[in-house]
Amino acid sequence: MASVNKVILIGNLGKDPEVRHLEGGVAVARFPLATSESYKDKSGQKQEKTEWHNIVVWRGLAEVAEKYLRKGQSVFIEGKIRTNQYQDKDGNQRYSTEIVADNMTMLGGRSDNGNGGGGNYQETASSTASSGGNYGGNTSASQNDEPDDLPF
C-alpha cells in the first residue's frame, strides 16, 4: 500500500534562521515556525492555540532562508515530517520531530527592509534557477529527470 508523508504549513518565524555549513559547503538552516488557530470555548470566549514546528531547509533553500527570512515573517512551507531518536547525556531515549522543507514561499509579514517578501523557492532536481522564482538545488532521487510525455 502506498503512503504519503506531506506537510503544509503557513506560519510566522519565531526567530531568524540559524545556518551552518557542513563539509563540502552544504548549507543547512533551522528555524521555529508558529502556526495559530482561534476557536471559541464552551463559555463563548475566544481562545488561541499556537503550535511550534522545527523547520529544516537544505542547500539552496538554506541560503535563501539565511538571506531573506527574519523573525516574524510569514512563510508557506511544504515538506515532510521526520522524527529523530537520540540519547541525552543521562542515557535517556529522546525524540525530536522536525519538518524537512522542500518548498518555501515568503508571504510577507513583518520585515526589516519593508518589502514583505513574496518569493517562491523550491528544491528541484535541476541545479539552475528558473525565471519563475523557484530555486534549484540537489535533492533526493525520488524526483524524476525524464521528460513528461503527457499531453496535459
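For the structure, see preceding data.
How each quantity is defined
- Residues numbered from 1 in each chain as written.
- Predicted model: local features only at pLDDT ≥ 70, side-chain atom pairs only at ≥ 80, totals over all residues.
- Heavy atoms only, no water.
- Helix = DSSP H or I, 4+ residues; strand = E, 2+ residues; numbered from the N terminus.
- Contact = heavy atoms within 4.5 Å.
- Areas by Shrake-Rupley, 256 points an atom, 1.4 Å probe, with all protein chains shown as cover.
- Pairing = 2+ DSSP bridges.
- Core = buried A, V, L, I, M, F, W, Y, C linked by side-chain atoms within 4.5 Å.
- Buried < 20%, exposed > 50% of the residue type's maximum accessible area, 1.4 Å probe, protein only.
- Salt bridge = Lys/Arg side-chain N within 4 Å of Asp/Glu carboxyl O.

*Asks:* What am I meant to see in the overall build of the protein here?
*Replies:* Summing up its helical and strand segments, the protein has one helix and seven strands in all. Its helices and strands in sequence order give the protein the pattern β-β-β-β-α-β-β-β, from N to C terminus. Of the contacts made within the protein by residues no fewer than 6 positions apart, 49% connect residues no fewer than 24 positions apart. Element-wise, carbon and sulfur atoms account for 46% of the exposed surface of the protein, whose accessible area totals about 10400 Å².

*Asks:* Is there a simple way to think about the pairing of strand S3 (residues 27–40) in this case?
*Replies:* Side-chain positions along a regular strand alternate between the two faces of the sheet. Bridging between strand S1 (residues 7–13) and S3 involves two bridges; their strand directions are antiparallel. In the strand pairing of S3, Asn12 is matched with Ala34. Relative to S3, strand S2 (residues 18–21) runs antiparallel, the two being bridged by four bridges. If you follow Arg20 over to S3, its bridge partner there is Val28. Adjacent in sequence and paired antiparallel, S2 and S3 are bridged by five residues, among which Gly24 carries a positive phi angle near 80°. The hairpin turn running from S3 into strand S4 (residues 46–58), its antiparallel successor, is five residues long, and Gly44 in that turn takes a positive phi close to 90°.

*Asks:* Just checking my understanding: could you explain the nonpolar core for this structure?
*Replies:* The nonpolar side chains of a soluble globular protein tend to be buried with one another. Counting residues in hydrophobic clusters, the biggest one holds 20 residues, and the most contacted among them are Phe31, Ile55, Val57, Leu69, Ile77 and Met104. Sorting the residues of this core by element identifies S1, S3, S4, helix H1 (59–68), strand S5 (73–87) and strand S6 (93–109) as the ones contributing at least two each.

*Asks:* Would you take a moment to explain the pairing of S1 for this structure?
*Replies:* Here six bridges tie S1 to S5, and the two strands are oriented antiparallel to one another. Opposite Val7, over in S5, you have Gly79 as the bridge partner.

*Asks:* Help me understand the environment of Glu78 in this model?
*Replies:* Summarising the element assignment, Glu78 is placed in strand S5. Residue classification places Glu78 among the buried positions, given a relative accessible area of 15%. Residues Glu78 and Ala101 lie 23 residues apart in sequence; the distance between their C-alpha atoms is 5.5 Å. Beyond its immediate stretch of four places on either side in the chain, Glu78 contacts Lys6, Val7, Ile8, Val100, Ala101, Asp102 and Asn103.

*Asks:* So what exactly am I meant to see when it comes to unusual backbone geometry here?
*Replies:* At Arg59, a residue that is not glycine, the phi angle is positive and equals roughly 50°. Relative to the helices and strands, Arg59 resides in helix H1. Arg59 sits in the partly exposed class, given a relative accessible area of 34%.

*Asks:* Sorry, what's going on with the pattern of salt bridges here?
*Replies:* Side chains carrying opposite charge are able to pair once their charged atoms draw close together. Scanning the model with the defined rule gives six salt bridges in all. Glu98 is the salt-bridge partner of Arg30, the closest N and O atoms lying 2.9 Å from each other. Here Glu98 lies in strand S6 and Arg30 lies in strand S3, a separation of 68 residues in the sequence. Taking relative accessible area as the criterion, Arg30 reaches 36% and is therefore assigned partly exposed. For Glu98, a relative accessible area of 6% gives the class buried. Note that Asp88 is salt-bridged to Arg94, the shortest N-O span being 3.0 Å. Salt bridges sharing common partners tie together Arg30, Arg82 and Glu98.

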